[in-house]
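Here is how the chains run, residue by residue.
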Amino acid sequence: MSSAVHIYKNKKIHKITEDHTLVNLLVKSGELTKEQAKNHPKKNVLMKALGSSTNVDMDIFDVDLDIEGVFLCSDGLTNMLEDKQIAKVLSESIQLKDKLEKLVFKANNRGGNDNISIACVMKEDTHD
């Protein structure tokens, strides 16, 4: 999976961006399975990226605003951890900084064979 924007809602991660890698196009066309795509030698070949041309063709999605947060990450994290594992850490009752450090630690312990970038904004809890 390439870099992605996710929303965090109801203790689950929901991907809201489109994966523009070669292997994802092959999965969509039925030429590869999702399992085959995970280890494909060209899984990092981008078919659409910022800076590759002067025109930018953006993906625009409508998103429910009743969310707990927005989570952006690179494939360095999502290649090592499943969405359920990421959601479990984000559900923990610890500081956001500690959640993100824990995700990086877990991904690195599983091999960490790519750089890991994470940005996350969580809605502040307004319950007293």
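Residues numbered from 1 in each chain as written. Predicted model: local features only at pLDDT ≥ 70, side-chain atom pairs only at ≥ 80, totals over all residues. Heavy atoms only, no water.

Side note on a nonpolar patch on the surface
Where nonpolar side chains cluster on the molecular surface, the patch consists of Leu25, Val45 and Met47 and spans about 250 Å² of accessible area. Within the secondary structure, Leu25 is located in helix α1 (residues 22–28). For Leu25, a relative accessible area of 39% translates into the label partly exposed. (Patch = residues over 30% accessible without salt bridge, like charges linked within 9 Å, V, L, I, M, F, W, Y side chains within 5 Å. Areas by Shrake-Rupley, 256 points an atom, 1.4 Å probe, with all protein chains shown as cover. Salt bridge = Lys/Arg side-chain N within 4 Å of Asp/Glu carboxyl O. Helix = DSSP H or I, 4+ residues; strand = E, 2+ residues; numbered from the N terminus. Buried < 20%, exposed > 50% of the residue type's maximum accessible area, 1.4 Å probe, protein only.)

With respect to the side chain of Ser74
With respect to the helices and strands, the residue Ser74 is situated in the loop between β3 (69–73) and α3 (75–78). A residue is classified by how much of its surface remains accessible, and Ser74, at 8% relative accessible area, is buried. There is a polar contact of 2.9 Å between the side chain of Ser74 and the backbone nitrogen of Ser117. (Polar contact = N/O pair within 3.5 Å; in protein donor to acceptor, adjacent residues only side chain to side chain.)

Observations regarding helix α4 (residues 83–90)
Among the residues of α4, those classed as buried are Ile86, Ala87, Val89 and Leu90. Along the axis of α4, the buried residues cluster in a sector spanning 160°; they form a single face. Among the exposed residues of α4, those oriented more than 90 degrees off its buried face are Lys84 and Lys88. (Arc of directions from axis to C-beta.)

Here we look at the confidence of the model for the protein chain
Per-residue confidence for the protein chain averages 81 on the pLDDT scale, and 88% of its residues sit at or above 70. Within the protein chain, the element-level pLDDT minimum falls on strand β1 (residues 4–9), averaging 69, and the maximum on helix α5 (residues 96–109), averaging 94. (pLDDT = per-residue confidence, 0-100.)

Details of α5
The terminal C-alpha atoms of α5, which comprises 14 residues, lie 20 Å apart, in line with the 20 Å expected from a rise of 1.5 Å per residue. Of all the residues in α5, the buried ones are Lys99, Leu100, Leu103 and Ala107. Down the axis of α5, the sector holding all buried residues measures 95°, keeping them to one side. Exposed and facing more than 90 degrees away from the buried side of α5 are Lys97, Phe105 and Asn109. Those residues of α5 that are buried are in contact with β3, α3, α4 and β4 (118–122). Looking one or two places after α5, you find Gly111, whose phi comes out positive at around 130°. (Expected span 1.5 Å × (residues − 1). Contact = heavy atoms within 4.5 Å.)

A few points about the packing of α4 against α5
The interhelical angle for the contact between α4 and α5, taken along N-to-C directions, is 145°, at an axis separation of 9 Å. The way α4 lies across α5 gives a crossing that is right-handed. In this structure, α4 contributes Ile86, Val89 and Leu90 to the contact, and α5 contributes Lys99, Lys102, Leu103 and Lys106. Grouping the amino acids of the contact of α4 with α5 by side-chain chemistry returns 4 nonpolar, no polar and 3 charged. (Axes fitted to C-alpha atoms, helices over the stretch in contact; angles between N-to-C directions. Left-handed = near helix turned anticlockwise from the far one by under 90°. Nonpolar A, V, L, I, M, F, W, Y, C, P; charged D, E, K, R; others polar.)

What to know about the pattern of salt bridges
Across all of its chains, the model carries 4 salt bridges by this definition. The partner of Glu82 in a salt bridge is Lys38, and the shortest N-O contact between them spans 3.7 Å. One end of the pair, Glu82, is in the loop between α3 and α4; the other, Lys38, is in helix α2 (residues 34–38), with 44 residues separating them in the sequence. The exposure class assigned to Lys38 is partly exposed, which follows from its relative accessible area of 42%. Between Lys97 and Glu101 there is a salt bridge whose closest N-O contact spans 2.9 Å. In this pair, Lys97 and Glu101 are both assigned in helix α5, 4 residues apart and thus about one turn of the helix distant. What makes Glu101 partly exposed here is its relative accessible area of 43%. Counted as one network, the salt bridges with shared partners bring together Glu35, Lys38 and Glu82.

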